[in-house]
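Observations on the model geometry
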Amino acid sequence: MTTTVFFKVPAVGTVRELAAFVQARTAEGEQHLLRRIPAEQLDTPDAVELLRIPRALGHAAEVAAFELEDELHGQPVDTNAARLLWRTLLNTAQPFRDHPDVPAGAREALATVDEM
């Protein structure tokens, strides 16, 4: 038996809070990596590529949130596009789903993201 989870349109504030949360966590991750990489290796291709990962995740959250906000302000809202953008934003937040600072409005959605 499969369970269908219906899409609940998030509030614009929740979208913005989740994007800011992901960006803060990825910035922390980048800083953590910078402390672990010896200074003389920071400009090596491997270090540059490694540091691109948290930056890309933060950027993906920002772009998804921006596009979703635009979609939510549209009349009428394209629910399919909004659902896909919300799912994209939730996927960027997945690595941090157990963090105590996850925005309250996104906590439940993150718990069910695999069922969407």
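The paragraphs below set out a description of the structure included in this document. (Residues numbered from 1 in each chain as written. Predicted model: local features only at pLDDT ≥ 70, side-chain atom pairs only at ≥ 80, totals over all residues. Heavy atoms only, no water.)

Notes on the overall build of the chain
Of regular secondary structure, the chain possesses four helices and zero strands. Helices (α) and strands (β) of the chain occur, in sequence order from the N terminus, as α-α-α-α. In the chain, once contacts between residues fewer than 6 apart in sequence are set aside, the share between residues at least 24 apart is 65%. With the model as given, the accessible surface of the chain reaches about 7,400 Å², and the carbon-plus-sulfur share is 55%. Taken as two groups, the 11 positive and 18 negative side-chain charges of the chain have centres that lie 4 Å from each other. (Helix = DSSP H or I, 4+ residues; strand = E, 2+ residues; numbered from the N terminus. Contact = heavy atoms within 4.5 Å. Areas by Shrake-Rupley, 256 points an atom, 1.4 Å probe, with all protein chains shown as cover. Lys, Arg positive; Asp, Glu negative; His and termini not counted. Charge placed at Lys NZ, Arg CZ, Asp CG, Glu CD.)

Overview of the nonpolar core
By size, the foremost hydrophobic cluster in this structure holds 21 residues, and its most contacted members are V15, L18, V22, W86, L89 and L90. Those elements that place two or more of their residues in this core are α1 (12-36), α2 (45-73), α3 (79-93) and α4 (104-111). The contacts of L89, once residues within four sequence positions are left out, are V15, L18, A19, A61, A64 and A65. (Core = buried A, V, L, I, M, F, W, Y, C linked by side-chain atoms within 4.5 Å. Buried < 20%, exposed > 50% of the residue type's maximum accessible area, 1.4 Å probe, protein only.)

Quick look at the packing of α2 against α3
Geometrically, a packed helix pair is captured by the angle between its two axes and the distance between the axes. Across the interface, α2 lies against α3 with an axial gap of 9 Å and an inter-helix angle of 155°. Relative to α3, α2 is oriented roughly antiparallel. At the point where α2 passes α3, the crossing takes the left-handed sense. Counting all contacts with α2, which are made through L57, A60, A61, A64, A65, E67, L68, E71 and L72, the residues of α3 involved are A81, A82, L85, W86, T88, L89 and T92. Looking at the contact of α2 with α3 residue by residue, the classes come out as twelve nonpolar, two polar and two charged. (Axes fitted to C-alpha atoms, helices over the stretch in contact; angles between N-to-C directions. Parallel < 35°, antiparallel > 145°, perpendicular 65-115°, else oblique. Left-handed = near helix turned anticlockwise from the far one by under 90°. Nonpolar A, V, L, I, M, F, W, Y, C, P; charged D, E, K, R; others polar.)

Considerations on the pattern of salt bridges
Throughout the structure, instances matching the rule amount to five salt bridges. Here E28 makes a salt bridge to R25, at a shortest N to O gap of 2.9 Å. Taken together, the positions of E28 and R25, both in helix α1 and three residues apart, correspond to about one turn of that helix. A residue is classified by how much of its surface remains accessible, and E28, at 44% relative accessible area, is partly exposed. One salt bridge in this structure joins R55 and E30, with 2.7 Å as the shortest N-O distance. A residue pair is termed long-range when its members are at least 10 positions apart, and R55 in helix α2 and E30 in helix α1 qualify at 25 residues. A relative accessible area of 16% means that E30 is categorised as buried. Linked by salt bridges that have partners in common, R16, E62 and E69 make up one network. (Salt bridge = Lys/Arg side-chain N within 4 Å of Asp/Glu carboxyl O.)

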